[in-house]
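# Examining the three-dimensional arrangement
The residues making up each chain are set out below.
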Amino acid sequence: MASTEELLEAYAEWRGRSNGNPRLTSMVRGWDRVIHFTTVDTEQGFTMRVAGQQLSELTVGHEGQPDVVVSGSSEDFCDMFWGDLNPSEKYMSGEITLLGSQQDVMRIDAISMVAFLDS
Amino acid sequence: MSEHVRECEVVVVGAGYSGLAAARHLVRAGVDTLVLDARHRVGGRSFTEVSEAGYTVDRGGQWIGPTQDHLAALAAELGVATFPTFTEGQGVELRDGNRHLYVGLIPTSDPEGAADGIACMLHLDLAAFDVPVDAPWDAADAAARDAQTLATYLDSHLTSASARAILEVAVKAIFGTGSGELSLLFSLFYLHAGGGLTNLARTTGGAQERRFAGGSQQLAEGMAAELAERVLLGAPVESVTYDADHVTVGARVVPPGADPADPAAAHHGLRVRARRAILAMAPALCGRLDFSPPLPGNRDQLGQRMPMGAVTKIHAFYDEPFWRADGLNGQIVAPGSILESAFDNSPDDASHGAIVGFIAGDDCRRMEAAGPAARQAAVLDDLARAFGPRARTPVEVVEQHWPAEPFTRGGPVAISSPGALTALGPALRRPVGPLHWAGTETATQWCGYLDGALSAGLRAADEVLHALQGEPVGLD
């Protein structure tokens, strides 16, 4: 189980890598979205936004109407943000779930995989 | 040879999923319908057999995935259970003489290449979702996209050679042909119809998610059982004579046990006179029938420009799925090998092991001349590289070389060469007099798949119902 501080720290690192990755920024061109994360173990909510090809900071709590809801354990989110976990494995096993339109889910899936591979 | 004559309201040519779905819909609406099929079986490109060693083999289409709602509804109606494709563990990538293990959608031994491939798949899918599935020829830049191949697109959007090779494997598995033969516009349409390349390539959450317990042909048999004597097998159709209001289909009727492809085996001729006909066959096969009057030029050209893909489906059966004990899920991605893609195809209870693989495109064509023994030896070599020496000694190998199948002539689907869709696409579903077109190639959702075959059959049946009621058929 990861603490809120650990999760925010891991995300900040992931965000820094992602926003500086031309391949990733090209994948979010014209894709401005609100994404909610829900930790199923600590039952916490987080919000991130994609706007202008950049990922926002992660804020605690669910804010705004989400386009995609990502649910999983705090530990898996931390590992994914640190680049230690292949997110595809967790999607396939159902341990991380994505809820949203098919195209939004497809985009999150691809972005998280590229972030992992480029980490 | 004597000739028999039958009359009905609608004659359906082809007892695959599409033709049977159409006929069932019509019969349920009270329309006198007769289905003819050349083979002594129903199912078309869905073909389940029990092998000599006693294994149930799906020789053709076999998977069901999310959003294949027509297929799911039919399975539920007929009480045919499904079970998940085995995906636990790691896949094997064979490339450049090396063996790597991976988890997920795409091999990751070259992370840079994998990231390049995933980004390209996303951009390709996003482009696909902009192509209207009911009229791809109306897409933005349709002419420009139809003038290039999928290969051109991949070559210009990928920087990594490994990603290019892996995506080519996916393309060949999906279309049964290489990207150099595929119109980009057609490819985008096809991907959109199936929810995107990512969706089509996936097992869990995608097109290969589940299988039918006991095989996919049961669903065709279930539909045929409802139609009973309205399905006539061993009746290869040879001619279609039509005017504005009637159609006469000429067939030869072959007794059970005789080869339907052998004209000398015919017992008698059959002429079926009807008000409407549904041709539930791939466009290229429709073009082999003798139409009188001849079909409009564009419809015939369409058949000439939509050739079948080329695929050999091979099963290797073992006493047990021994690769699972090594933490492997049975999936293989092997660019440049004969067996470029494979899956664990063992039964749900794992009472024996089965790997199913595909030899596709030019590999399939090249290996035709080599023959079954050479094909199987090459496949076992690849399986041994992936799973170790035990893979060399299967209990049985069963192959289905679809291009040699006289009444299918390839698979899994007809593809569209550059330029064909924009010039001829509107002819794909447009009725010609009393002739209506079904088959998975005419589907707008899950084109090329069993689900698309069903929806295409239902759409054609609805057209016929409208036409029989004197209503105009709205198309295009």
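Looking only at helices and strands, one finds 14 helices and 22 strands in chain B. Taking all 476 residues of chain B together, the buried fraction comes to 58%. Of the contacts formed within chain B by residues at least 6 apart in sequence, a portion of 74% connects residues at least 24 apart.

All names here are of chain B. What the five strands build is an open sheet, ordered E1-E14-E13-E12-E16; its pairing is mixed. The open sheet terminates on both sides in strands that have one partner only, identified here as strand E1 (3-7) and strand E16 (290-292). Averaged over all adjacent pairs, the angle separating strand axes in this sheet is 15 degrees, with direction ignored. Where E1 meets strand E14 (residues 268-274), five bridges bridge the pair, whose relative direction is parallel. Bridging across to E14, Arg 6 finds its partner in Val 272.

All names here are of chain B. Strand order in this open sheet of five strands is E11-E3-E2-E15-E22, and the pairing throughout is parallel. Of all the strands in the sheet, the pair left with one neighbour each is strand E11 (231-232) and strand E22 (435-437). Taken together, the four bridges between strand E2 (residues 10-13) and strand E15 (residues 276-279) define a ladder with parallel strand orientation. Bridging across to E15, Val 13 finds its partner in Leu 279. Lying on the sheet, helix H14 (residues 450-468) is in contact with E2, E15 and E22; it crosses E15 at an angle near 170 degrees.

Let us now look at the domain arrangement of chain B. By a widespread convention, an interface's size corresponds to the accessible area lost as its parts come together. All names here are of chain B. For chain B, the assigned domains read domain 1 (3-46 + 216-306 + 416-468), domain 2 (49-63 + 83-105 + 202-212 + 309-412) and domain 3 (113-198). The centre of domain 2, based on its C-alpha atoms, is set 24 Å off from the matching centre of domain 3. Taken together, the contact pairs 19 residues of domain 2 with 13 residues of domain 3. In terms of residue class, the side of domain 2 that touches domain 3 is made up of nine nonpolar, six polar and four charged.

We now examine the pairing of strand E20 (residues 353-360) of chain B. Residue and element names in this part refer to chain B. Across the eight residues that make up E20, a large majority, eight, are buried. Because side chains alternate across E20, one face comprises the buried residues Gly 353, Ile 355, Gly 357 and Ile 359, and the other comprises Ala 354, Val 356, Phe 358 and Ala 360, equally buried. Pairing geometry for strand E17 (residues 311-318) and E20, over eight bridges, is antiparallel. When the bridges of E20 are listed, Lys 313 appears paired with Phe 358. As defined by bridge partners, strand E19 (residues 341-344) adjoins E20 across four bridges and the pair is classed as antiparallel. From the neighbouring strand, Asp 344 faces E20, where its bridge partner is Ile 355.

Residues and elements named next belong to chain B. Position of His 192 relative to the elements: it lies in helix H7 (residues 184-193). Given 23 C-beta atoms within a 10 Å radius, His 192 is considered buried. For the pair formed by His 192 and Cys 447, sequence separation is 255 residues and the distance between their alpha carbons is 9.4 Å. Look past the residues within four positions of His 192 in its chain and what remains in contact with it is Ala 128, Phe 129, Val 131 and Val 133.

As a further point, take helix H2 (residues 69-78) of chain B. All names here are of chain B. For H2, the complete set of buried residues consists of His 70, Leu 71, Leu 74 and Ala 75. When H2 is viewed along its axis, its buried side chains cluster within an angular range of 130 degrees and face the same direction. Away from its buried face by more than 90 degrees, H2 exposes Ala 73, Ala 76 and Glu 77. Among the structural elements, strand E6 (63-64), strand E7 (82-84), strand E10 (210-212), helix H9 (217-227) and H14 are those in contact with the buried residues of H2. Just downstream of H2, Gly 79 is the residue with a positive phi angle, here 75 degrees.

Time to look at the packing of helix H1 (residues 4-19) of chain A against helix H3 (residues 74-82) of chain A. Residue and element names in this part refer to chain A. Put simply, H1 and H3 touch, their axes get as near as 8 Å, and they point 25 degrees apart. Between H1 and H3, the crossing angle belongs to the class labelled roughly parallel. Between H1 and H3 lies a crossing of left-handed hand. Here H1 contributes Glu 6, Leu 7, Ala 10, Tyr 11, Glu 13 and Trp 14 to the contact with H3, which in turn contributes Ser 74, Phe 77, Cys 78, Phe 81 and Trp 82. Of the residues belonging to the contact of H1 with H3, the class tally is eight nonpolar, one polar and two charged.

Now for unusual backbone geometry. Note that the residue after Ser 292 of chain B, namely Pro 293 of chain B, is joined by a cis bond; omega there is 0 degrees. Relative to the elements of secondary structure, Pro 293 of chain B occurs in the loop between E16 and helix H11 (297-305). The omega torsion across Gly 411 of chain B and Pro 412 of chain B is 0 degrees, close enough to zero to call that bond cis. Inspection of the secondary structure puts Pro 412 of chain B in the loop between strand E21 (396-401) and helix H13 (420-424). At Glu 43 of chain A, a position not held by glycine, the phi torsion is positive, near 50 degrees. Counting through the fold element by element, Glu 43 of chain A comes out in the loop between strand E1 (33-39) and strand E2 (44-51). One non-glycine residue, Trp 446 of chain B, lies in the positive phi region at around 55 degrees. Its 27 C-beta neighbours within 10 Å are what place Trp 446 of chain B among the buried residues.

Attention now goes to the interface of chain B and chain A. Tallying the contact residues gives 18 residues for chain B and 15 residues for chain A. Ranked by the residues each element gives to the side of chain B that touches chain A, the list is headed by helix H3 (residues 111-128) of chain B, at eight residues. Tallied by class, the residues present in the side of chain B that touches chain A amount to ten nonpolar, seven polar and one charged.

Analysis parameters
- Numbers given for residues are sequential positions, taken from 1 along each chain in its written order.
- For this description, chains carry letters from A and ligands carry numbers from 1, given in the order in which they are written.
- This being a predicted model, a pLDDT of at least 70 is required before a residue's local features are given, and a value of 80 or more before pairs of side-chain atoms are given or counted; all residues contribute to the totals for chains, interfaces and linings.
- Here a helix means four or more residues in a row that DSSP labels H or I, a strand means two or more in a row labelled E, and each is numbered from the N terminus.
- Buried, partly exposed and exposed are defined by the number of other C-beta atoms within 10 Å of a residue's own C-beta, namely 20 or more, between the two limits, and 12 or fewer respectively, with C-beta atoms placed from the backbone.
- Any two residues are considered in contact once their C-beta atoms, placed from the backbone, lie within 7 Å.
- Each pair of strands is called paired provided DSSP finds at least two bridges between the two strands.
- Helix axes are fitted only over the stretch in contact, all axes being lines through C-alpha atoms; the angle between N-to-C directions runs from 0 to 180 degrees.
- Domains are outlined according to an automatic or database domain assignment.
- All residues other than Ala, Val, Leu, Ile, Met, Phe, Trp, Tyr, Cys, Pro, Asp, Glu, Lys and Arg, Gly among them, are scored as polar; the first ten of these are nonpolar and the last four charged.
- The directions considered for the arc run from the helix axis to the C-beta atoms.
- Roughly parallel means an angle under 35 degrees; roughly antiparallel, over 145; roughly perpendicular, 65 to 115; everything else is oblique.
- Take the far helix as the reference: if the near one is turned anticlockwise from it by less than a right angle, the crossing is left-handed, and if turned clockwise, right-handed.

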